[in-house]
Amino acid sequence: MASTKRLLKELQDYQRDPNDALTELGPVSDDELMHWTAVMKGVNGSPYEGGRWKLDIRVPSNYPLAPPEIKFINRICHPNVNFKTGEICLDLLKNNWSAIYTLSATLTAVHQLLTSAEPDSPLNIDIAALFRQGDIVGAEALIRFYTESERWEGR
């Protein structure tokens, strides 16, 4: 299976050259190569600094021709992430997917989304409304609150 070979190579590449945005990335077990998890770090100098989030990554059988499904497990306060389900609104995971992207590169794009929110296409309308109203202080305070209170500490 082409996707299995590709995922094994991606795992080897990540182990050889880890992604600075992550503290871990890999399959949930040796028996489940199509189901991965990652732990992402917050962006330094942003309201997400000091945060850690666990992500669930479901790899489709036709990967890399189709994108993985990636969701936040612990809550994150972000305009483009559903606060309850962890669903991420990112074009790369939908219409702009290309087989050249690896799981690690895709997670880098998710990490970059933390500091480049799109409040005009929100999944979290409450935080998006603060940004659209220009209440940056209020938005950042709310982000910092959830970044601290929802920090992933598990394994």
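Residues numbered from 1 in each chain as written. Predicted model: local features only at pLDDT ≥ 70, side-chain atom pairs only at ≥ 80, totals over all residues. Heavy atoms only, no water.

The protein appears in an unreviewed UniProt entry as Putative ubiquitin conjugating enzyme from Lophium mytilinum.

1. Looking at the nonpolar core
If you look at the biggest cluster of nonpolar residues, it comprises 38 residues, and the most contacted ones within it are Trp36, Ile57, Ile88 and Leu107. When contributions to this core are tallied by element, the ones reaching two or more residues are helix H1 (2-16), strand S1 (22-27), strand S2 (35-41), strand S3 (52-58), strand S4 (69-72), helix H2 (103-113), helix H3 (125-132) and helix H4 (136-149). Counting residues per element, this core draws most heavily on H2, which supplies five residues. Sequence-distant contacts of leucine 107, defined by excluding residues within four places in its chain, comprise Leu22, Leu25, Ala38, Met40, Leu55, Ile57 and Ile70. (Core = buried A, V, L, I, M, F, W, Y, C linked by side-chain atoms within 4.5 Å. Buried < 20%, exposed > 50% of the residue type's maximum accessible area, 1.4 Å probe, protein only. Helix = DSSP H or I, 4+ residues; strand = E, 2+ residues; numbered from the N terminus. Contact = heavy atoms within 4.5 Å.)

2. Description of the UniProt feature "domain: UBC core" (unreviewed entry) in the protein
Within this structure's numbering, the places UniProt gives as "domain: UBC core" (unreviewed entry) are residues 2-152. With 32% helix and 16% strand, the stretch residues 2-152 has end C-alpha atoms that lie 33 Å from each other. (UniProt positions renumbered as here; feature names shortened; annotations may be inferred.)

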